[in-house]
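Chain and residue survey
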Amino acid sequence: ENQTTIMARLRQAKRRVALVTALADVTGAWPLDRITATLSILAENSLNTTVQHLLLDAQSKGLLRLNGDTANAGYFILGMGKLGARELNYSSDIDLIALYDGDKAEACGLDTPGQFFVRLTRELVKMMNERTADGYVFRTDLRLRPDPGSTPLAMSVLAAETYYESVGQNWERAAMIKARTVAGDQESGAAFLKALVPYVWRKSLDFAAIQDIHSIKRQINAYRGGGTIAVHGHNIKLGRGGIREIEFFAQTQQLIYGGRMPGLRVNGTVAALRALTDEELIEPRTAQELVAAYGFLRRVEHRLQMIADEQTHSLPSSDEKLHELAIFLGYDSADSFTEELLQQLRLVEGHYAHLFEDAPSLSGPGNLVFTGAEDDPDTIATLRSLGFADASRTAAMVRQWHHGRYRATITARSRELLTELVPTILKELGTTADPDGALMRFDAFMARLPAGIQLFSLFYANPGLLRLVATIMGSAPRLAEHLGRKPALFDALLHSDMLDSLPDEQTLRADLAAQMKTATDFQDALDITRRWMNDRRFQIGVQLLTRRIDQDCAGPALTAAADAVLNELIPRVQAEFAKQHGEFAGPSLAVVALGKLGSGEMTATSDIDLMFVYDIPQDIEESDGEKPLPPIQYYTRLSQRIINAVTALTNEGVLFEVDMRLRPSGNAGPLASSLKAFEDYQAASAWTWEHMALARARLIAGPPGLTARLEQSIKSVLTRPRDANRLLADVADMRARIAKHNKAKSIWDFKYFRGGLFDIDFIAQYLLLRHAPAHPDLLLRCAPDIVLAAARHELIEGQDATLMADAYQLWQSLQALLRLTMAADEGEFDEAAAPPGLQ
């Protein structure tokens, strides 16, 4: 027969069998086990027919060599779940695992056996699944195969055995209880299931495995009486007192005791409950009540699915539809149906909760079940209540952690510890500024961990540490990215000095100098400075995030670290440059810090404003190296080398972005100026705004003689008497220009909005330039210090100075926090769209 004809006949057979079964069901002619068995046998026969057709078709096309017949091809299908237990309902998916024996199968042509059977399995799914004019046969689900996110549709027996023996989870052991060969090579299927017996039925369950099973149970809320069950919309499969609780009741006991009691190795739910009674593990009455409840709930499930052939397990939400369902089930009214339903649900709930009597509570926020391949509805609701917007993706990611793809979760013990921790991890991540982003970053962090047991044990013993990591992951993307790239930093979080104190400048320089001694070459030195600076940013960022310090401490700390790095790098660049071009009778270049580097107010994302000034004896025309250069070219190239050393992208990232626009003549001027050119420019050509920028100038490198002269030159510029009206007009004009070209996008644009940082800076710099000739103690670099000093001289009102100083501190603290908590590509802060934690 051709494929189209077979597909049509299978669908016709499905309709006929479903109709006969439904009539026998509705009239009460058949018991539950015959109803479910009939539907299951239909599925098996459909699968067998389809597999035989596909194998014979492949043979006819020369793609496969069959030794004998299709039953010996090495390809087989395991029926899982309800199909494996012969418990199918009318709208059940059929859960399948497609496997092949690579030693038996003989694919021809260009395909390997794996490629051939993957394509065959895809065709099998299409023949069963596809909706045609005749409908469909069965929806198929292949997600119960090992690690479905990263494995092919059909797996070799060897790959599957290796997976189960190495990273198989306890819920997968539970799923294997119901596994049965339903199509294809029965002999190969039997051999595979026999090989898995030691995996599924452990002779002696070690303590950790029992703990793991208990932790799976404790993830599911067990309601010990009390509370109400809402009938309308109740999910009779997954909800409280539902079918899954009966199945779970039986399967957990089978897992724990089945290794020593072969009589428990049955794959039907009812059969398992009776076997537990035979082994005296549960009371006969318990089994009888659960069997009766199981039959009742399955009957309700069948009626629900008959109504519109929907794969539903939820009761109607309206009174009218609930009444119709009750009549369909043979009740006089919705009330009589509801009464019996609630009685059965509470009975199941009571027996199920008894499983939890001896297990300590995880104190979880609700259902958190990540077993199997489907989303548990209550778990999705719990995840949303925790703050995760994309709850389904969250559940899928947690399931992936258990598949052993990461080095941190490759051992059984690490996965057991992780199972215990998952509710706490999710709860902590959910309280952060961005729960979904936090989970993504935590996942990236896990992916880079070299091992998991030690870390998970630390989290287990120290919830505060987990809370800190969650805060970093959810509230500080830049810190999280750094921690993700460098998990070794986690060790630093364990030491008190990471959180309790910031080293002084002398300690910082000594620490960096010691590390720089290990540099093997200039490239290595660039990497070391970046690693060291990123670690300092991380330490300061963590302390800022946890409110152990504020920006008043963080700014100077970041600035001191930047100074240390520049003081290590600049001499190395000069030495490298001198190897080729020589020097001018010793180093004669000074580096001036401006902007936030100059004033000591850096944030985690600050660039650095630099200016280079050199001075050499007038009678020297060129440097003394192998390739001599005249002074202008020499210091221009040397300055560019220093900038390149700071901005170059290495494997460790960029050290800083460098802004040179504050140098004499801005972008139009040379990178480096001679001391005389600098002084002449400031005296005759500089704009008022350039003198305002000089208010923050600070010498950070250079020979003492040159730096002293340059400091004096800058001081003389700042203390020069000025025309008060002209100065006021210039400052106001500059502020107006900035307002015109850099409009504040929102009130969160602290630099540009009216009443923000620029206004206070301009007021302070105006006061400095206006009054420093008479009051040299105004020569301070930070705006709050300047306005407070001006108030002491009664140049402005003390109340105004305090207001500006407090406002400046607030704006800077908020700016530092946003730069720490927002990702680099997020743009402007939008309070309406920001995650609740950040708000």
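Remember, it's a predicted structure, so these values are computed and weren't measured experimentally.

Thresholds, definitions, all that
Residues take numbers from 1 onward in each chain, read along the sequence in its written order. In keeping with the predicted nature of the model, local features appear solely for residues at pLDDT of at least 70, side-chain atom pairs appear and are counted solely at 80 or more, and the whole-chain, interface and lining totals rest on all residues. Excluded from the side-chain calculation are hydrogens and water; included are all heavy atoms of the structure. Secondary structure follows DSSP: runs of H or I at least 4 residues long count as helices, runs of E at least 2 residues long count as strands, and numbering of each begins at the N terminus. Burial classes follow relative accessibility: with a 1.4 Å probe on protein chains only, a residue under 20% of its type's maximum area counts as buried, one over 50% as exposed, and anything between as partly exposed. Whether two residues are in contact is decided by their heavy atoms: any pair within 4.5 Å suffices. Here Asp and Glu are counted as negative and Lys and Arg as positive; His is not counted, and neither are the chain ends. Just so you know, the charge point we use is NZ for Lys, CZ for Arg, CG for Asp and CD for Glu. Put simply, a patch holds well-exposed residues, over 30% relative accessible area, that have no salt bridge, with like charges counted together within 9 Å and Val, Leu, Ile, Met, Phe, Trp or Tyr side chains within 5 Å. Only the protein chains shown count as covering a residue, and every accessible area follows the Shrake-Rupley method with a 1.4 Å probe. What counts as a salt bridge is simple: a side-chain nitrogen of Lys or Arg found within 4 Å of a carboxyl oxygen of Asp or Glu. Multiply 1.5 Å by the residue count of a helix minus one, and that product is the helix's expected span.

The next point concerns the overall build of the protein. Counting its secondary structure elements, the protein contains 35 helices and ten strands. When its C-alpha atoms are laid out on the principal axes, the protein stretches across 110 × 65 × 55 Å. For the protein, the proportion of its 839 residues judged to be buried stands at 54%. Sequence separation of 24 or more characterises 72% of the internal contacts of the protein that already satisfy a separation of 6 or more. Averaged over its 88 positive side-chain charges, the protein has a centre that lies 2 Å from the centre of its 106 negative ones.

Below, the discussion takes up the environment of Arg180. Checked against the element boundaries, Arg180 lands in strand β5 (residues 180-184). Classification of Arg180 as buried rests on a relative accessible area of 13%. Considering only alpha carbons, one finds Arg180 and Pro316, 136 residues apart in sequence, at a separation of 34 Å. Aside from chain neighbours lying at most four places away, what touches Arg180 is Glu44, Ile77, Leu78, Gly79, Leu83, Gly84, Arg86, Leu193 and Asn267.

On to a nonpolar patch on the surface. Residues Val26, Ile307 and Phe328 make up a contiguous nonpolar surface patch of about 250 Å² in total accessible area. Among the secondary structure elements, Phe328 is positioned in helix α13 (residues 319-328).

Helix length check: helix α4 (residues 113-129), at 17 residues, gives a terminal C-alpha distance of 24 Å against a target of 24 Å (1.5 Å per residue), a fit within 8%. Buried within α4 are the following residues: Gly114, Phe116, Phe117, Val118, Leu120, Thr121, Leu124, Val125, Met127 and Met128.

Under the criterion given, the structure shown has 30 salt bridges. The shortest N-O distance in the salt bridge between Asp141 and Arg143 comes to 2.8 Å. Residue Arg143 is classed as partly exposed on the basis of its relative accessible area of 37%. Here Arg726 ties to Asp730 by a salt bridge, and the two come within 3.3 Å at their closest N and O atoms. Residue Arg726 and its partner Asp730 are located together in helix α32 (residues 724-741), separated by four residues, close to a single helical turn. By relative accessible area, Arg726 is classed as exposed at 55%.

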